[in-house]
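Secondary and tertiary structure notes
Residues per chain, in single letters:
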Amino acid sequence: VAAEKGLKILIISDSNVDPIYGERYQEGLRQAGFEISRVAVPAGEKSKDLQAVGFLYGQAMAAGLDRSSLILALGGGMVGDLAGFVAATFLRGVRFIQVPTTLLAMVDSSVGGKTAVNLPQGKNLVGAFHQPVEVVADLTSLATLPEREYVSGLAEVVKYGVIWDAAFFKDLESHAERLRSRDEAFLEKVVGRCCEIKAEVVAVDELEVGPRAILNFGHTLAHALESGTGYDRLLHGEAVSLGMVFAARLSSKLKGLPESEAARLVALLQTLGLPVSGSDALGRATDWPKLAWTDIREAMAADKKARMKVPRLVLADRLGSVTTGCEVPDSELMEAWDVIRQ
Ligand SMILES: NC(=O)c1ccc[n+]([C@@H]2O[C@H](COP(=O)([O-])OP(=O)(O)OC[C@H]3O[C@@H](n4cnc5c(N)ncnc54)[C@H](O)[C@@H]3O)[C@@H](O)[C@H]2O)c1
């Protein structure tokens, strides 16, 4: 890309990120000889819809993009998914670059090539696989990320330790304070390792037909909690944290995960400031007590990974090793939920 002088680039960002970083990227790229246009959608998950896609196609036309042009997603996972979907479909696909600015986007959504928008009926129901030509994660941009968003991103970081790399998990435990305080040197190592793990997992299953499902550890309950709380109260990582505690409990009961290892997971999440029980979640989602088991169970049955309405969970037999497709009896699911919800 660096050699293509005169190349047209459309920067897509959101109303929080654009005022902080938009100008810097626009000017830097302009000085490097590129022709830059820039647009921001309102911040928040509500912008990840087909209306915004239509608006952005219009902006791409107005900017004179052609099939050789490039779209640059500057922001968190919302912008990455939205701009990525626009790039995947505009003129049957133009190249795109991800510049993730949230921890979640750096360690998760910018790697793997999944792009999507939401429908009124549910999240990520329309999408495409479209790999970015480059992912540029500037760790200094995390300095402006609100604390709650940052901590939420740490849940996915912990997940990589559980599903893939026990030594990495131990490293996170030993340096939890450095992680919590956004120590840049440690973060560089952490973000790098998470991207490596995700890339390794995706490489064997780019189109998500099998092994990639291990990335879903903690996500079956998480998705149900997010839909049960209207998507705007619990952040994704907070829901994943609760989902991992739920999965760890079931793992100990059904897969032989030592209780001591399940306890280490709960302790690490807690140290990092993530919720591990209903009382922790209550401060974030005030309608938490209204969550009924039947609704949770129904949402689990609607999960994309469920088969014949039976949820299929990812469970661990030890830290660093998980199995996908575990069908868990309803009584066990309910019992684990009873413990989590308190
Ligand atoms: N494609 C995938 O594989 C994948 C994986 C996981 C999640 N996702 C998607 O990612 C989205 C969630 O991403 P997210 O958690 O990054 O949320 P987000 O993009 O909505 O960002 C969270 C908030 O932080 C603000 N923000 C972002 N960077 C900032 C910065 N550096 N400084 C100050 N404020 C900043 C945003 O404006 C927003 O208000 C969801 O739509 C989810 O579906 C996709």
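Scroll up to find the structure.
Residues numbered from 1 in each chain as written. Predicted model: local features only at pLDDT ≥ 70, side-chain atom pairs only at ≥ 80, totals over all residues. Heavy atoms only, no water.

This part takes up the sheet that holds strand S1 (residues 8–14). Read from one edge of the open sheet, five strands run S2-S1-S3-S4-S7, paired in parallel fashion. Two strands close off the open sheet at either side, each with one partner strand: strand S2 (35–41) and strand S7 (134–135). Of the pairings in the sheet, the one linking strand S4 (residues 95–100) to S7 comprises two bridges and is parallel in character. Among the inter-strand pairings, Gln98 is bridged to a residue of S7, identified as Val135. Where helix H1 (residues 17–31) meets the sheet, it contacts S1, S2, strand S3 (70–75) and S4, and its direction lies at approximately 165° from that of S1. The strands that helix H2 (residues 50–62) touches are S1 and S2; relative to S2, the one it contacts most, it runs at about 160°. (Pairing = 2+ DSSP bridges. Helix = DSSP H or I, 4+ residues; strand = E, 2+ residues; numbered from the N terminus. Contact = heavy atoms within 4.5 Å. Axes fitted to C-alpha atoms, helices over the stretch in contact; angles between N-to-C directions.)

Between its terminal C-alpha atoms helix H3 (residues 77–89) stretches 18 Å, which fits the 18 Å expected from 13 residues at 1.5 Å a residue. For H3, a buried count of 12 out of 13 residues is recorded, marking the element as mostly surrounded by other parts of the structure. Looking only at H3, the buried set comprises Gly77, Met78, Val79, Gly80, Asp81, Leu82, Ala83, Gly84, Phe85, Val86, Ala87 and Ala88. Of the residues trailing H3, Leu91 is marked for its positive phi of about 55°. (Expected span 1.5 Å × (residues − 1). Buried < 20%, exposed > 50% of the residue type's maximum accessible area, 1.4 Å probe, protein only.)

This paragraph deals with the packing of aromatic side chains. Following the criterion strictly, the structure yields two aromatic pairs and no others. When the ring of Tyr57 is compared with that of Phe90, the centres are 6.2 Å apart and the planes differ by 25°; the resulting orientation is stacked. In this pair, Tyr57 is assigned in helix H2 and Phe90 in the loop between H3 and S4, connecting sequence segments 33 residues apart. A ring pair is formed by Trp288 and Trp337, whose centres lie 5.6 Å apart and whose planes are at 50°; its orientation type is tilted. Here Trp288, found in the loop between helix H12 (278–282) and helix H13 (293–301), pairs with Trp337, found in helix H14 (residues 330–340); they are 49 residues apart in sequence, far enough to count as distant. Residue classification places Trp288 among the buried residues on the basis of a relative accessible area of 4%. The aromatic ring of Tyr160 is capped on one face by Lys159, whose charged end is 5.2 Å from the ring centroid. It is Arg182 that lies over the ring of Tyr150; its NZ or CZ is 4.4 Å from the centre. (Phe/Tyr/Trp six-rings, centres within 6.5 Å; stacked < 30°, edge-to-face > 60°. Lys NZ or Arg CZ within 6 Å of the ring centre and 35° of its normal.)

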